[in-house]
Amino acid sequence: MASPLASCARGQVQIVRFLSNSAALCKRAAPLGPLPNEQFEGQDVESLEKYRSFTRYYRVAEKEQKKLHWWKSFKQYQEAGKVKIPLDEVRAEWEKSSGPYGIQRVAEHYGVYKDLFGEATFVPRVTLRVHYRNDEEGLLPVYYGNVVAASEAFAPPEVTFEAEEGSLWTLLLTNPDGHLRETESEYVHWLVGNIPGSQVLSGEEICHYFPPFPAKGTGYHRHVFILFKQEGPIDFKDELRPNPW
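Residues numbered from 1 in each chain as written. Predicted model: local features only at pLDDT ≥ 70, side-chain atom pairs only at ≥ 80, totals over all residues. Heavy atoms only, no water.

Identification of the protein chain as Large ribosomal subunit protein mL38 from Hymenochirus boettgeri is taken from an unreviewed UniProt entry. Quoted straight from UniProt, the Sequence similarities (unreviewed entry) entry for the protein chain says "Belongs to the phosphatidylethanolamine-binding protein family. Mitochondrion-specific ribosomal protein mL38 subfamily." (UniProt positions renumbered as here; feature names shortened; annotations may be inferred.)

Here it is in structure tokens:
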């Protein structure tokens, strides 16, 4: 067992000598070019165009870091050893930050863009709040994929959203799964145009509210609320439908 150890030790010494010789040769070689950022030596780096964007980013990040967010001050929500999370504040923060992208992913998951807009897609920017009024439980909210019974959606829902004064909107409720004859068609259940601001009741009801009527054995139906912002007033006289329709 002594010979293998001795030969192995000699091999290690030879490798170390080889590396040391290579390092010595590298020291004698001339540099390939100037050192990185050598041309900026002695200058005010923040005044250079290539660094200005980074400086602004650091300032914004530092300002945002100093803000008092609820998750950084959770102790004030503690009571008797329990943490009470302000859900309204959490939801408001979510709607302003990552909420629109989350809604987009849910809509893509349910095939809304594919079936209604083909290959087009968009990120929703306006928070649409829809509630059906239930006599027994009060208001029944419509979320992103929750189940609402046809009997609970018999009457038109209450729709609210934030809009600047003077803007015009169009609200659509459609069912891409409900057509009984053509698989590639859909039923329009509600269409209101020329909505001033967020006053849905003051808009022009082009197609009056038609309650959902899922046929037995057809499974769950997707009912999609879509809000469009108009560039100006639209003449819908050729699209008006009688009531009932």
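From this point, things continue past the structure.
Is there a simple way to think about the pairing of strand S7 (residues 187-196) in this case?
Within a regular beta strand, the side chains point alternately toward one face of the sheet and then the other, so they alternate between its two faces. Sheet topology places strand S6 (residues 168-175) next to S7; 7 bridges connect them, and they run antiparallel. Bridge assignment links tryptophan 169 to a residue of S7, and that residue is isoleucine 195. Judged from the 3 bridges that link them, S7 and strand S8 (residues 204-207) form a sheet pairing that is antiparallel. Residue pairing in the sheet places valine 192 in a bridge with glutamate 205 of S8. (Pairing = 2+ DSSP bridges. Helix = DSSP H or I, 4+ residues; strand = E, 2+ residues; numbered from the N terminus.)

Can you walk me through the packing of aromatic side chains in this structure?
Centre-to-centre distance and the angle between the planes together describe a pair of aromatic rings. Applying the stated rule across the entire model yields 7 aromatic pairs. Measuring from ring centre to ring centre gives 5.4 Å for phenylalanine 161 and tryptophan 169, while their planes differ by 65°; the resulting arrangement is edge-to-face. Comparing phenylalanine 161 with tryptophan 169, the two get one shared label, buried. Geometrically, the ring pair formed by phenylalanine 210 and phenylalanine 213 is tilted, given 5.2 Å between the ring centres and 45° between the ring planes. Here phenylalanine 213 falls in the partly exposed class, since its relative accessible area comes to 34%. By way of ring pairs, the aromatic residues Tyr113, Phe117 and Phe122 are connected into one cluster. (Phe/Tyr/Trp six-rings, centres within 6.5 Å; stacked < 30°, edge-to-face > 60°. Buried < 20%, exposed > 50% of the residue type's maximum accessible area, 1.4 Å probe, protein only.)

Help me understand the nonpolar core in this model?
One broad trend across soluble globular proteins is that nonpolar side chains are buried collectively. Judged by nonpolar contacts, the single largest core of 17 residues is most densely connected at Leu128, Val159, Phe161, Leu171 and Trp190. Of all the secondary structure elements, the ones that give two or more residues to this core are strand S3 (129-134), S6, S7 and strand S9 (224-230). Once residues lying within four places of it in the same chain are set aside, the contact partners of tryptophan 190 are Pro156, Pro157, Val159, Leu171, Leu172, Leu173, Val200, Glu205, Cys207, His208, Tyr209 and Phe225. Membership of the second largest hydrophobic core comes to 6 residues, among which are Tyr113, Leu172, Val224 and Ile226. (Core = buried A, V, L, I, M, F, W, Y, C linked by side-chain atoms within 4.5 Å. Contact = heavy atoms within 4.5 Å.)

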